[in-house]
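Understanding the architecture of this molecule
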Amino acid sequence: MPTPPGGLPDPGAAALPWGGGPAGRMALDRARPLHLALGRNGLAFAVVSLAWLRTLPADARAALAARHLARDEADFAAALPVAKRHIEWLAGRLALKAAVRAHQRHHGARAPDPAPAIRIRRIADGPRAGKPYIDGPAGIGLSHAGDFALAACGPGALGVDLEPHRTLTPYLARLLSLDEHPGDAGAPGAPGPGGATGRRAAGATGVPADVGAREDAAAPGPARARLHRMPLTLRWACKEAVLKYYGFGLRIGTGVREVELTGWHPDGRFTWRPGPELRRLLPAEGDGPRHCVAQEIDDYSLAMVWQ
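A brief report on the enclosed structure follows. (Residues numbered from 1 in each chain as written. Predicted model: local features only at pLDDT ≥ 70, side-chain atom pairs only at ≥ 80, totals over all residues. Heavy atoms only, no water.)

Now for the nonpolar core. Core analysis: the biggest nonpolar cluster contains 35 residues, and V48, L53 and I140 have the highest contact counts within it. Secondary-structure elements contributing two or more residues to this core are β2 (34–38), β3 (44–49), α1 (50–55), α2 (58–68), α3 (71–79), α4 (83–107), β6 (139–145) and β7 (148–154). Examining the composition of this core, we find that 11 residues originate from one element, α4, more than from any other. Excluding residues that lie within four positions of it along the chain, V48 makes contacts with P33, L34, L53, A91, L94, A95, D147, F148 and A149. Residues L227, L261, F270 and L278 belong to the second largest nonpolar core, which totals 23 residues. (Core = buried A, V, L, I, M, F, W, Y, C linked by side-chain atoms within 4.5 Å. Buried < 20%, exposed > 50% of the residue type's maximum accessible area, 1.4 Å probe, protein only. Helix = DSSP H or I, 4+ residues; strand = E, 2+ residues; numbered from the N terminus. Contact = heavy atoms within 4.5 Å.)

As for its position among the elements, D161 is in strand β8 (residues 158–164). Once residues lying within four places of it in the same chain are set aside, the contact partners of D161 are S143, W236, A237, E240, A241, K244, S301, L302 and A303.

Spatially, three strands are ordered β8-β12-β11 in an open sheet, and the strand pairing comes out antiparallel. In this open sheet, the two strands that pair with only one neighbour each are β8 and β11 (291–297). Mean inter-strand twist for the sheet, computed between neighbouring axes without regard to direction, equals 10°. Bridge analysis of β11 against strand β12 (residues 300–306) gives seven bridges, and the strand direction is antiparallel. Across the sheet, the residue bridging to Q295 is L302, located in β12. (Pairing = 2+ DSSP bridges. Axes fitted to C-alpha atoms, helices over the stretch in contact; angles between N-to-C directions.)

Now for helix α5 (residues 170–177). Within an α-helix, residues lying three or four positions from one another point in the same direction, as the helix has 3.6 residues per turn. Buried within α5 we find L172, A173, L175, L176 and S177. Structurally, α5 contributes buried residues whose contacts are with α7 (232–246).

The subject of this paragraph is the packing of α3 against α4. The geometry of α3 relative to α4 is characterised by a closest axis approach of 8 Å and an angle of 155° between their N-to-C directions. Here α3 is positioned roughly antiparallel relative to α4, judged by the angle of their axes. The hand of the α3/α4 crossing is left-handed. On α4, the residues touching E73, F76, A77 and A78 of α3 are H86, W89, R93 and K97. Among the residues making up the contact of α3 with α4, the classes are represented as four nonpolar, one polar and three charged. (Parallel < 35°, antiparallel > 145°, perpendicular 65-115°, else oblique. Left-handed = near helix turned anticlockwise from the far one by under 90°. Nonpolar A, V, L, I, M, F, W, Y, C, P; charged D, E, K, R; others polar.)

Two aromatic rings, taken as a pair, are described by how far apart their centres are and by the angle between their planes. Counting across every chain of the model gives four aromatic pairs. The interplanar angle of 75° and the centroid separation of 5.5 Å between the aromatic rings of F148 and Y300 together place this pair among those described as edge-to-face. Of this pair, F148 sits in strand β7 while Y300 sits in strand β12, placing them 152 residues apart in sequence. Take F148 and Y300: they sit in the same class, and that class is buried. Pairing Y246 with F248 gives two aromatic rings, centres 6.0 Å apart and planes at 15°, and the pair type is stacked. For Y246, a relative accessible area of 4% corresponds to the buried category. Three or more aromatic residues link up through ring pairs in this structure, and these residues are Y245, Y246 and F248. Sitting over the ring of W264, R226 keeps its end group 3.9 Å from the ring centre. (Phe/Tyr/Trp six-rings, centres within 6.5 Å; stacked < 30°, edge-to-face > 60°. Lys NZ or Arg CZ within 6 Å of the ring centre and 35° of its normal.)

Have a look at this one:
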């Protein structure tokens, strides 16, 4: 797509079907610099192509930064010594600002802020250190995966994770399969039909529903059975999205085992319950996500949780 110097193309927001979920019309196109999409409940998404950014010469990337970032942000990006880190950081900031502007434009009561005026901040310390936030009553989330940076913005807290399909180590595949044998840390946990590659499971076309229970100790039989067919990279994305929602990441407790998946419905909803350390750190009742969705898009796995 031709791009004017310093310009980040904005093709406009593609409204998602009401029941179509964040993946309903979301484009993961390496040749498309920016894609915006709207979800339900006031959610807005922005996808920036890392593959496209890598093709730009340094002066073109600097022009993008000058147009869309605050001066200190542009200086920080320019000072990153490793090109890979520079491109990923720039893509993340561009995606976050685009998602915030899309949310403001389509769900806010005022005109969107200029991109440089949107300040992306991070919690400095404590168990939630590194979690991004902005000033104002909106939540944001970010995920880098393969050739894309995916950002989300909504009226409340959220967590999002995008994972490329890939071959997992036997150890990680076993850890992700332990949800099939709850309470049995020694279970062999053979991967389901998705296999250790985490490839798409047949019929996995979920869409978000109205409720994604934070804790579901007795998931309905069909949802529990369907969990066995969830690709392993999608399981990883679910666990990461939940942990990102709270800002803890994988550094607490037993990592991925702190989120035990308990069910996966045909409409994409997934249910889960916290492990011991996550349970200890959880805020008061009522602050958890009400919607939990997992879905495959092309050769990527996407999970999203939000209020």
